[in-house]
Amino acid sequence: MYVVDPIGKPLAYGLVKNLRGDQLYLLPPWPGDIFPPALPDHEGHFDHIAPEDPEFEAAHLFGSVRYTLDVWEKYFGHPIAWHFRRDLDRLELVIQRNLLENAFMGYGFLEVGIHESEDGGIEPFSLNFDVIAHEVGHCIIYSVIGVPDPGTASAEYYGFHESAADLTALIAALHFDSVIDELLEASHGNLYTRNLVNRIAELSANSQIRLAANPLSLLDFVRGWRDEHALAQPLTGAMFDIFVDMFHEELVAGGLITQSQEDLSDRMEDRPDYFRVVQPIFDEAYAAEPDGFREALVAARDELGMLLAETWRRLSPDDLSYAGVGSTLRAVDRMVTGGRYRRIIAVNLDRRAIGQVRVGPRLAAPAKDSHFQMPRVFVPRSTKPCCGWRRLSYRERYEARQMRNANGKGMAS
C-alpha cells in the first residue's frame, strides 16, 4: 500500500455519473500532482516526522492501516490479502481534503476526509485512528468473507459489516499501551463508563460517531430499518457486553473481584443506579491491583479477537444473518475454548434478541452514506477500458464535480 496526498483531486473514487447519465467508475492510481510524500529515515522508520510537519498526516494514515493489519493478522494467523488483488497489487490510501464527514474504502482505495467541528475547525480523519481502523475492518471482511451481489445482499450483511468494522477498530485500539492506561485510569475497570474505547471514532471530548455500549436490540428493528449503521448497533453491543463479561471472568479468576461482586454487576447492568452501586467496587479493587486489571483486560481482548477472527472466517456473504453469526460464534467457542464462554455468549445474544427475531423491511430509500450505494461494494467484471476503467476527460470531471456538489454532504461511514 502507499499514501497519496493529491493536489486538485475533485472527486473521491468510486461510482459517478456525468450529466448524460453515463455511469463511470473512478479508480486508482491517481495520475495528478501530489504533495511531498512522507519519506523514511535511513533505517526505514518514520518517527522522525513531527506532528506539525506537513507529511505527518500521510505517515499517520499509513501507520494506522499497517498497525490494524498487524493486529488482525495475528488473530487470523496469516497475512490478509486484498480482495481486489485480481486487478490491483496495492491499496492506495488517499487524503481527500474535500470529502466532508466521510471516509470509505473500495476496490483498491481507502479515502479519508475531514470533520468540521462546531466551532468551524477542521479535523482530518487521517489523524483519527478509529476512523481509519474502521475502514480497514471493511477491507478485512471483504478479504476474509467475500463480496456479495450488491443487489441481493441482506440488510443484516451490511449491518454486520458495520459492526465488524467497529469491533476491528475497538480491538486494534486496545493494543496501544497508552489507550489501556487511559482506559483503566478513567474507568478503574468499569468498562460501561463512557470512555475512549466504547466511544468509537471520538470527534471531541464529548462526541463520537457511535457507542459500542449501546442499549439497542433487534426488537428495535422488527418493524423495519432505515440505516445499516444503526442496524449494526445490536450486534456491536452484544459483542461489547461479551467482552466486558470476559474481562470480569478474568478478574474473578485472578482473585481481583469476587464472584458475588461480578454477579452483582450483571444484575445491576440495566438499572439506573448501576454506577452508584458498582463503581465503588471497581474503584477499590483497581486501587489494590492495577497491574492485575491490565493483565485481565489484555487477556479478554485477545480472547474476543481470536473468537471473532475464527467466526468471521467461517461466514459466507450470501444470506448472512445475525442468527448465523451467533450460531457460528457459539460453535467456535465450543471448538476453541471447550465452551468456556457458552453462558456469556448465550446471555448477551439473547438480551439483544439475536437469533430470536428477524429484521423488518427497509423503511426509506438508501441515504447517500448507505453501503447499498457506496463504491466499496463494487467489483468490476472486466478490466477493459470500455467498462469504466478510465480517467475522465476534463469535461466529464467538471460535470461529475458539479453533480457531486449538487448532491450535498455525506456522513461518516
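Everything quoted here is computed from the prediction, not taken from an experiment.

**A closer look at the overall build of the chain**
And step 1. Along its length, the chain carries 12 helices and 9 strands.
And step 2. Counting every position in the chain, which comprises 413 residues, the buried fraction comes to 53%.
And step 3. Sequence separation of 24 or more characterises 68% of the internal contacts of the chain that already satisfy a separation of 6 or more.
And step 4. With the model as given, the accessible surface of the chain reaches about 18600 Å², and the carbon-plus-sulfur share is 52%.

**Re the packing of aromatic side chains**
And step 1. Scanning all chains against the criterion turns up 18 aromatic pairs.
And step 2. Residues Phe 46 and Phe 62 carry aromatic rings whose centres are separated by 6.5 Å and whose planes lie at 40° to one another, so their mutual orientation is tilted. You can see Phe 46 sitting in the loop between β3 (23–26) and α1 (56–76) and its partner Phe 62 sitting in helix α1, a full 16 residues away along the chain.
And step 3. For Phe 46, a relative accessible area of 34% puts it in the partly exposed group.
And step 4. For Phe 62, a relative accessible area of 28% gives the class partly exposed.
And step 5. Considering the side-chain rings of Tyr 286 and Phe 293, the 5.5 Å spacing of their centres and the 85° angle between planes classify their relative orientation as edge-to-face.

**Comments concerning the nonpolar core**
And step 1. Core analysis: the biggest nonpolar cluster contains 114 residues, and Trp 72, Phe 160, Leu 174, Phe 293, Leu 297 and Trp 312 have the highest contact counts within it.
And step 2. Counting residues per element, this core draws most heavily on helix α3 (residues 155–173), which supplies 11 residues.
And step 3. The contact partners of Phe 160, leaving out residues within four places of it in the chain, are Ile 141, Ile 145, Leu 235, Trp 312, Leu 315, Leu 320, Tyr 322 and Val 325.

**Some details on the pattern of salt bridges**
And step 1. Counted under the stated rule, the structure contains 19 salt bridges.
And step 2. Taking the shortest distance from any N to any O, the salt bridge between Arg 271 and Asp 273 comes out at 3.3 Å.
And step 3. Residue class for Arg 271 comes out partly exposed when judged on its relative accessible area of 46%.
And step 4. Three or more residues joined by partner-sharing salt bridges are found here, namely Asp 241, Glu 269, Arg 351 and Arg 352.

**What to know about the packing of helix α6 (residues 233–253) against helix α7 (residues 259–268)**
And step 1. α7 packs onto α6 with a crossing angle of 165° between their chain directions and a minimal axis gap of 9 Å. By the angle between their directions, the pair α6 and α7 is classed as roughly antiparallel. α6 and α7 meet at a crossing whose hand is right-handed. Two secondary-structure elements touch here, α6 through Asp 245, His 248 and Val 252 and α7 through Gln 259, Glu 262, Ser 265 and Asp 266.
And step 2. Looking at the contact of α6 with α7, its residues break down into 1 nonpolar, 3 polar and 3 charged.

**Topic: helix α10 (residues 322–337)**
And step 1. In this model α10 runs 22 Å from its N-terminal to its C-terminal C-alpha over 16 residues, within 8% of the 22 Å that 1.5 Å per residue would give.
And step 2. Every buried residue of α10 is accounted for by Tyr 322, Val 325, Gly 326, Thr 328, Leu 329, Val 332 and Asp 333. Considered in projection along α10, the buried side chains sweep an arc of 165° and stay on one side of the axis. Of the exposed residues in α10, the ones pointing more than 90 degrees away from its buried face are Arg 334 and Met 335.
And step 3. Contact partners of the buried residues in α10: α3, α5 (228–231), α6, α9 (290–312) and α11 (342–351).
And step 4. Just downstream of α10, Gly 338 is the residue with a positive phi angle, here 75°.

**Looking at the pairing of strand β4 (residues 92–100)**
And step 1. Among the 9 residues that make up β4, 7 are buried, leaving the element largely enclosed by the rest of the structure.
And step 2. Here strand β1 (residues 2–4) pairs with β4 via 3 bridges, running parallel. Looking at β4, one finds that Val 4 is bridged to Val 94.
And step 3. When β4 meets strand β6 (residues 109–116), the two strands line up parallel, connected through 5 bridges. Considered in β6, the bridge of Glu 92 is made with Phe 109.

**Things to note about the environment of Ala 133**
And step 1. Its location among the elements puts Ala 133 in helix α2 (residues 129–144).
And step 2. The exposure class of Ala 133 is buried, given its relative accessible area of 0%.
And step 3. Ignoring anything within four residues of it in the chain, the contact list for Ala 133 reads Thr 68, Ala 165, Thr 168 and Ala 169.

**Regarding unusual backbone geometry**
And step 1. In this model, Pro 28 is joined to Pro 29 through a cis peptide bond whose omega is 10°.
And step 2. In this structure, Pro 29 sits in the loop between β3 and α1.
And step 3. Positive phi outside glycine occurs at Glu 101, with the angle close to 55°.
And step 4. Position of Glu 101 relative to the elements: it lies in the loop between β4 and β5 (103–106).
And step 5. Non-glycine residue His 188 carries a positive phi angle of around 55°.
And step 6. Position of His 188 among the secondary structure elements: in the loop between α4 (177–187) and β8 (199–204).
And step 7. Note on His 188: relative accessible area 23%, which makes it partly exposed.

**Here's the deal with the confidence of the model for the chain**
And step 1. On average, residues of the chain carry a pLDDT of 86, and 85% of them reach 70 or more.
And step 2. Averaged pLDDT values for the elements of the chain fall to 45 in helix α12 (residues 394–407) and rise to 98 in α9.
And step 3. Counted against residues more than four places away or in other chains, residues 384–394, with its pLDDT under 50, gives 20 contacts.
And step 4. Residue range residues 396–400 is modelled with pLDDT below 50. Its contacts to residues more than four positions away, or to other chains, number 13 contacts.

Cut-offs used in this document
Residues numbered from 1 in each chain as written. Predicted model: local features only at pLDDT ≥ 70, side-chain atom pairs only at ≥ 80, totals over all residues. Heavy atoms only, no water. Helix = DSSP H or I, 4+ residues; strand = E, 2+ residues; numbered from the N terminus. Buried < 20%, exposed > 50% of the residue type's maximum accessible area, 1.4 Å probe, protein only. Contact = heavy atoms within 4.5 Å. Areas by Shrake-Rupley, 256 points an atom, 1.4 Å probe, with all protein chains shown as cover. Phe/Tyr/Trp six-rings, centres within 6.5 Å; stacked < 30°, edge-to-face > 60°. Core = buried A, V, L, I, M, F, W, Y, C linked by side-chain atoms within 4.5 Å. Salt bridge = Lys/Arg side-chain N within 4 Å of Asp/Glu carboxyl O. Axes fitted to C-alpha atoms, helices over the stretch in contact; angles between N-to-C directions. Parallel < 35°, antiparallel > 145°, perpendicular 65-115°, else oblique. Left-handed = near helix turned anticlockwise from the far one by under 90°. Nonpolar A, V, L, I, M, F, W, Y, C, P; charged D, E, K, R; others polar. Expected span 1.5 Å × (residues − 1). Arc of directions from axis to C-beta. Pairing = 2+ DSSP bridges. pLDDT = per-residue confidence, 0-100.

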